[in-house]
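Descriptive structure summary
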Amino acid sequence: MLANLGYFALVIALAAAVYAAVMAGLAADRHKPAWLASARHAALLTWPLTTLACLALIALLLTDQYQLEYVHSVTSRAMPLYLKVTALWGGQAGSLLFWSWLMSTFTGAALLRKWDRDRAFMPFVIVVMMITLGFFIGLVVFFENPFVRLWQVANGEVVGSMLAPAGGLALLPADGRGLNPLLRHPGMIVHPPMLYIGFVSFVVPYAFAMAALITRRADDEWIRTTRRWTLVGWLFLSLGLIMGGRWAYDVLGWGGYWGWDPVENAAFLPWLTATAFLHSVMIQEKRGMLKKWNMVLIILTYALVIFGTFLTRSGVLSSVHAFAQSAIGPSFFAFIALTFVASMYLLFREWDHLRGERQLDSLLSRETAFLLNNLLFLGIAAVVFWGTVFPMISELATGQTITVGPPFYNQATGPLFAALVFLMGVAPLVAWRQASARQLGRLLRVPFVGALLVVAGLMLAGIRNWGALLGFGISAFVALTTLFEFWRGTRARMRATGEKPLAAFVTLIGRNRRRYGGYTIHLAVVIMTIGIVGSNFFQIETQGQLKPGEQLTLGRYVVTFDGLDEFFTEDGRQVARATVSVYRDGRFISQLHPRRDFYVDSGQPMTIPGVRSTIEDDVYVLLVTWEPLAANGATFKIYVNPLVNWVWAGGGVFILGTLVAAWPDAAEARRRLAAAVAAAPARL
Amino acid sequence: MRKGFVLVSALLVVWLAARAAPAAAQGATPPGPVTDDDVNRVAKLLYCPVCENIPLDVCPTQACIQWRATIREKLEAGWTEQQILDYFVTQYGERVLARPSTRGINILVWIIPPVVLAAGAFFLWRYLKSMAPAKSGAALAVPANEPPTDEYTRRLEQELKRRF
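Residues numbered from 1 in each chain as written. Chains lettered and ligands numbered in written order. Predicted model: local features only at pLDDT ≥ 70, side-chain atom pairs only at ≥ 80, totals over all residues. Heavy atoms only, no water.

The number of helices and strands found in chain A is 21 helices and 13 strands. On C-alpha atoms alone, chain A measures out to a radius of gyration of 28 Å, which is about the 26 Å that the 2.2 N^0.38 rule sets for 684 residues. Dimensions along the principal axes, computed over C-alpha positions, put chain A at roughly 85 × 75 × 55 Å. Here chain A holds 684 residues, and the buried ones make up 59% of them. Counting only carbon and sulfur atoms, one obtains 66% of the accessible surface of chain A, whose full area is about 27,500 Å². Computing the positive centroid from 55 side-chain charges and the negative centroid from 39, chain A places the two 14 Å apart. (Helix = DSSP H or I, 4+ residues; strand = E, 2+ residues; numbered from the N terminus. Rg over C-alpha atoms; globule rule 2.2 N^0.38 Å. Buried < 20%, exposed > 50% of the residue type's maximum accessible area, 1.4 Å probe, protein only. Areas by Shrake-Rupley, 256 points an atom, 1.4 Å probe, with all protein chains shown as cover. Lys, Arg positive; Asp, Glu negative; His and termini not counted. Charge placed at Lys NZ, Arg CZ, Asp CG, Glu CD.)

Structure representation (C-alpha cells):
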C-alpha cells in the first residue's frame, strides 16, 4: 500500500517535472507569464511528491517490510534504528531517490528565493533543473525502483516487480540481507548526504549559467546570483570528502585515509573543477574577463557531477561488462553526452558575445596567477580522470583490465599539488592588473627566509627526505605569507581608525569576509598539507606474530599483546577483540582494542583498528590474524602515522573559512552599490 | 615565447623527476629470515583481482592471506621482488600491479597526463600572449575597445535591478 503510494507519487513527480520543463520553455518562447507561473508551480510540486516518496520508503524500511526487494537488500531486523533510516541511501535505488529529493529541494529553494530578482533567467533555470530532476526520477521510476515487491515465479526464480507477474507468488521473507557491513557506521548519517548535497547544489549555478547563455546575457549576473550556492555546495562537497577520508581511516583498516579509489576520485573530480571555478569567477567579477572559460568550468563541473553519480551508481567501475548489464549505465552515458553537447552548443552560439571586456595589462598580475591556478587544478583533474577511466579503456582495447593504484596518482599529482600550494602563497600578494616584481619580492622576502629557516631546522632535526622538506618548506612559506596578509590588514586598520589590535582584526574580517574567509581556507589547506606530507612521507609500519606478553617495537613505541576475547554480538557479528598496551619511550600510555568483526550472514570480515591519537602522531594497531584458542597468539600490524590529525584539524578550519566567506552580508551589498555609483564619474 | 618554454620544461622536469624517484628506491630482498614486513613490502605493490581497491598487504580475506603466504615462500626461496611481481602478473594478469606497467597500451596511462598538461600550459601561454599588451605600449592605459558609458550604465542597471 505504502509502496504503491510512494511509487505513484514519483510517477506524478516525473510528470510534473516534464510538464514544468516544457511549459517553462514555451512560456519564454511565447511570452506567456501565466504559463510560466504554471511551470513554476509544477516545479515546486515535485518537492512534496518526492518528499512523500522518501517518507514512504523510510516508513517501509523502519517497519521491516522485507517483501520489498530494496528493503530486503539493505536492512535486516538486527540493524539499529539509525541505520534503517540511512539505508534510504544505502543502495542504488534508494540513493537515486534521495538524490532526486535533494535536487527537488534545491530547485524549490532556488525558485522561491530568487524568483523576483532574476525573472529573466527563471524560465530556463526551470527547464535545466527540471530536465536534470526528470532524468533522475525517470531512472528511479523505470529502472531502479525501490518500491518493487519480491515474487516467486513458476520456474522458482525470484523476481522484483510492482505488479504480480503471471503465476507469481508473493514472497514474504522473514528477514532482510542487511546493509553492507562497510556502511554500518555512524559516518553513514553524514557522509553520503554531504556529498550528495555538494553534488546537487552545483546544478544551481549550472542552471543559471545555461539560462544566461540562452537569454544571451553576457554579464556576470549569473555568477553573482549563484555565488553563495556555489560556495555552500563546495563546502558540503569538501566536507563530504574529508569525512569520507576519516571514515576510511577509522574502519577500512589500511592505515590511510585516501586510497585514490575510483569512487573517491568520482567525488574529487567535480571538487577540482569547482575549486578552479570559484577562483576564476573572481577575475570575471573584478575584471570582466574569462567569460567563456567560466562557462566551460561550470559545464565541466555539472558533467562531472553526473559522471560521479554515474561512476558510483552504475557498477561500471568493477568492470566495463557491468555497464551493459546495468540498465542505468547507458542512460547515464546518454544523458551526460546530451547535456554536454547541448551546453557546448549554447556556449559556441554565444562565443563572440562573451568576449572579455578588458585586456590583460601585464603578465605579472593577479589575473595570470589565477590562470595558473586554473591550469593546475584542471591538470590535476585531467590526471585523476585519466587514471580513473583508464582501466575501462584498457579493458575495451585489450580485453585485459589493469589497476591504476595510488603510486600512479601520488607521482602524477604530487608535483602539481606542490606547485598549487606554492602558488596559493604567492598569488594573494600579486596585485591586480599589473604587479611590480620589486614590490612582490619585498613582500615575499620575509616569508621566504622564514620558510628557509624552517627547512634548515628540519634538516638539523635529521630529516633528509627532499619531498618532505619541500612540502614542509612550502607549507611554512604559505602560512607566513597568509598570516602576513592578516597582519598587514589589521595594522592598516589600526593606523587608520586607531582601533585596538583585536577590534581591528575582527572588523577587518567582518568587512572583507570574502577575502579573509578565503585566506582562512588557504590556512586550512596549509594545515592539511602538513598532515598529508607528514603522514605520507613518515608513516612507518611493522607486522609480527605475538604470544601473550610478547612485544613489537616500532620507532619510539612498544606494543605488548595482553589478551584476546572472542564473542558473538546481537547483530550477527563474530568478534575477535585483542587487548594491547602501548608504551612510548618505556612509559605506558594507553590500552587499545583492535578487532576483527566477521559478519556471519554476508561472510564479510572487517578490520577495526585500535588507535591512539595525538596532534603529534597516531599509533594505529590492526589485528591481522589470531589462533582460535588465543594460546599461540595473534599477528598485529602497527602503523605510526605522524601528523595525521592535522588533516582533520585543517578540515575544521576549512569549515570556518567557508562560513566566513559565505555568510550573508547586508553591508557589503550596500557598499558595492555605493562603490559602483561612486566609481562612475571616474569612468566617464 | 621564452618564458613559456621555461614554464613547460620546468613542469616536465618536475614530472620526470617524480616519475623516476621511486624506481630508484626498489631494493633487493634483504638477507636473513623472511619477516612479515618483508612480505608486506612486496604485497603493498599488488592487488588481488577479487578485493577491489584494497592493497594486498592489508586485505583480510582468505584468498589474500594465501597470496601473502605465496610471497613468503618465494622470498624464502630467494626470489627477488621483481621476480615475484612478474610471477603474479603471469598468473593473474596486469591488473594485480598497483602501479601500471609501461608495457603495451599501458604506456598511455603515463604519457597522456604530461602531454595534456603541456598542452594546457601551451594554450594558457598563447592566451596570455594574445591578451597581453605589446611590449612597447603603456601597460596601464585604458584599452580603447572599452566603452565606458555603456559599462557604467550596464553596471548601474544591473545593481539597481538586483537591489530594488
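Attention now moves to the environment of Pro609 of chain A. Residues and elements named next belong to chain A. Relative to the helices and strands, Pro609 is located in the loop between β10 (604-608) and β11 (610-613). It is 8.8 Å that separates the C-alpha atoms of Pro609 and Trp254, two residues lying 355 residues apart in sequence. Residue contacts for Pro609: discarding those within four places in its chain leaves Tyr249, Asp250, Pro594, Tyr620, Val621 and Leu622. (Contact = heavy atoms within 4.5 Å.)

All names here are of chain A. Position of Thr275 relative to the elements: it lies in helix α10 (residues 262-287). Taking the relative accessible area as the measure of exposure, Thr275 reaches 3% and is therefore buried. With sequence-adjacent residues up to four places away left out, Thr275 is seen in contact with Trp234 and Phe377.

What follows deals with helix α7 (residues 187-201) of chain A. One turn of an α-helix holds 3.6 residues; hence residues three or four places apart share an orientation. Over its 15 residues, α7 of chain A runs 21 Å from end to end, which matches the ideal 21 Å to within 8%, given 1.5 Å per residue. Where burial is concerned, most of α7 of chain A is hidden: 13 out of the 15 residues are buried. (Expected span 1.5 Å × (residues − 1).)

Let us look at a nonpolar patch on the surface. Residues and elements named next belong to chain B. A surface patch of nonpolar side chains, about 290 Å² in accessible area, is lined by Ile107, Leu108, Ile111 and Val115. Within the secondary structure, Ile111 sits in helix α5 (residues 107-131). The class of Ile111 is partly exposed, set by a relative accessible area of 39%. (Patch = residues over 30% accessible without salt bridge, like charges linked within 9 Å, V, L, I, M, F, W, Y side chains within 5 Å. Salt bridge = Lys/Arg side-chain N within 4 Å of Asp/Glu carboxyl O.)

It is worth spelling out the sheet that holds strand β12 (residues 617-626) of chain A at this point. The four strands are arranged β4-β13-β12-β11 (chain A) in an open sheet whose pairing can be described as antiparallel. With one partner strand each, in any of the chains shown, β4 (540-546) and β11 of chain A form the two edges of the open sheet. Between one strand axis and the next, the sheet turns through 15° on average, direction left out of account. Bridge analysis of β11 of chain A against β12 of chain A gives four bridges, and the strand direction is antiparallel. Bridge pairing in β12 of chain A links Arg612 of chain A to Val619 of chain A. Here helix α2 (residues 36-43) of chain B sits on the sheet in contact with β4 and β13 (634-642) of chain A, set at roughly 130° to β4 of chain A. (Pairing = 2+ DSSP bridges. Axes fitted to C-alpha atoms, helices over the stretch in contact; angles between N-to-C directions.)

Looking now at the environment of Tyr639 of chain A. Mapped onto the elements of the fold, Tyr639 of chain A is located in strand β13. There is a polar contact of 3.3 Å between the side chain of Tyr639 of chain A and the side chain of Lys637 of chain A. (Polar contact = N/O pair within 3.5 Å; in protein donor to acceptor, adjacent residues only side chain to side chain.)

What follows covers the side chain of Thr520 of chain A. Tracing the chain through its elements places Thr520 of chain A in helix α19 (residues 513-537). Every residue in contact with Thr520 of chain A, bar those within four places of it in the chain, is listed here: Phe486, Val653, Leu656 and Gly657 of chain A.

On to the sheet that holds strand β3 (residues 169-170) of chain A, then. Adjacent strands of a sheet form backbone hydrogen bonds with each other and so pair up, either parallel or antiparallel. Residue and element names in this part refer to chain A. Taken in spatial order, the three strands line up as β2-β1-β3 in an open sheet, and their pairing is antiparallel. At either margin of the open sheet sits one strand with a lone partner, and together these are β2 (158-161) and β3. Where strand β1 (residues 149-152) meets β2, four bridges bridge the pair, whose relative direction is antiparallel. If you follow Leu150 over to β2, its bridge partner there is Gly160.

Turning our eyes to something else, we now look at the nonpolar core. All names here are of chain A. By size, the foremost hydrophobic cluster in this structure holds 168 residues, and its most contacted members are Trp99, Ile126, Phe147, Trp222, Trp234, Trp271 and Phe332. With 15 residues, the top contributor of residues to this core is helix α6 (residues 122-143). Apart from the residues lying within four places of it in its own chain, the contact partners of Ile126 are Ala20, Ala24, Leu36, Ala39, Arg40, Ala43, Leu111 and Trp115. By size, the runner-up hydrophobic cluster in this structure holds 21 residues, among which are Ala468, Phe472, Ala476 and Phe477. (Core = buried A, V, L, I, M, F, W, Y, C linked by side-chain atoms within 4.5 Å.)

Inspection of the entire model under this criterion finds 24 salt bridges over all chains. The partner of Glu541 of chain A in a salt bridge is Lys44 of chain B, with the nearest N and O atoms 2.7 Å apart. Residue Glu541 of chain A is found in strand β4, and its partner Lys44 of chain B is found in the loop between α2 and α3 (62-76); the two belong to separate chains. Two residues, Arg72 of chain B and Asp36 of chain B, come together in a salt bridge whose shortest N-O distance is 2.2 Å. With Arg72 of chain B in helix α3 and Asp36 of chain B in helix α2, this pair connects stretches of sequence that are 36 residues apart.

Attention shifts here to the confidence of the model for chain B. All names here are of chain B. In this model, chain B carries a mean pLDDT of 73, and residues with pLDDT of at least 70 account for 60%. Overall, residues 16-29 carries pLDDT values under 50, and its contacts beyond four positions in sequence, including any with other chains, amount to 14 contacts. Predicted confidence for residues 136-149 stays below pLDDT 50, and this span has 10 contacts to residues more than four positions away or in other chains. Scored by ipTM, the complex comes to 0.81, with pTM at 0.88. (pLDDT = per-residue confidence, 0-100.)

Another point: the packing of helix α1 (residues 2-30) of chain A against helix α2 (residues 33-62) of chain A. All names here are of chain A. Packing of α1 against α2 leaves a shortest axis separation of 7 Å and a crossing angle of 160°. Taken together, the axes of α1 and α2 lie roughly antiparallel to each other. Here the hand of the crossing between α1 and α2 comes out left-handed. Looking at side-chain class alone, the contact of α1 with α2 contains 27 nonpolar, four polar and one charged residues. (Parallel < 35°, antiparallel > 145°, perpendicular 65-115°, else oblique. Left-handed = near helix turned anticlockwise from the far one by under 90°. Nonpolar A, V, L, I, M, F, W, Y, C, P; charged D, E, K, R; others polar.)

What follows deals with the packing of aromatic side chains. Aromatic rings considered in pairs are described by the distance between their centres and by the relative angle of their planes. Scanning all chains against the criterion turns up 48 aromatic pairs over all chains. Plain terms: the ring middles of Phe136 of chain A and Phe332 of chain A are 5.9 Å apart, the flat faces sit at 70° to each other, and that makes the pair edge-to-face. Here the residue Phe136 of chain A occupies a position in helix α6, and Phe332 of chain A occupies one in helix α13 (residues 328-349), the gap between them amounting to 196 residues. When its relative accessible area of 0% is taken as the criterion, Phe332 of chain A is described as buried. Here Trp258 of chain A and Phe268 of chain A contribute two aromatic rings whose centre-to-centre distance is 5.5 Å and whose plane-to-plane angle is 70°, an arrangement assigned as edge-to-face. One end of the pair, Trp258 of chain A, is in the loop between α9 (221-251) and α10; the other, Phe268 of chain A, is in helix α10, with 10 residues separating them in the sequence. Given the relative accessible area of 23%, Trp258 of chain A is considered partly exposed. Through a chain of ring-to-ring contacts, the aromatic side chains of Trp234, Trp258, Trp260, Phe268, Trp271, Phe377, Phe408, Tyr409, Phe417 and Phe654 of chain A together with Trp110 of chain B assemble into a single cluster. In this structure, Lys74 of chain B is placed above the aromatic ring of Tyr87 of chain B, and the distance from its NZ or CZ to the ring centre is 4.3 Å. (Phe/Tyr/Trp six-rings, centres within 6.5 Å; stacked < 30°, edge-to-face > 60°. Lys NZ or Arg CZ within 6 Å of the ring centre and 35° of its normal.)

Before going further, it helps to spend a moment on unusual backbone geometry. Glycine aside, the phi torsion of most residues is negative, and most peptide linkages are trans. All names here are of chain A. Non-glycine residue Leu290 carries a positive phi angle of around 65°. Tracing the backbone through its elements, the reader meets Leu290 in the loop between α10 and α11 (291-314). On the basis of relative accessibility, which here comes to 9%, the residue Leu290 falls in the buried class. Notably, Asp585 is not glycine yet its phi reads approximately 50°, a positive angle. As for its placement among the helices and strands, Asp585 is situated in the loop between β7 (573-584) and β8 (587-592).

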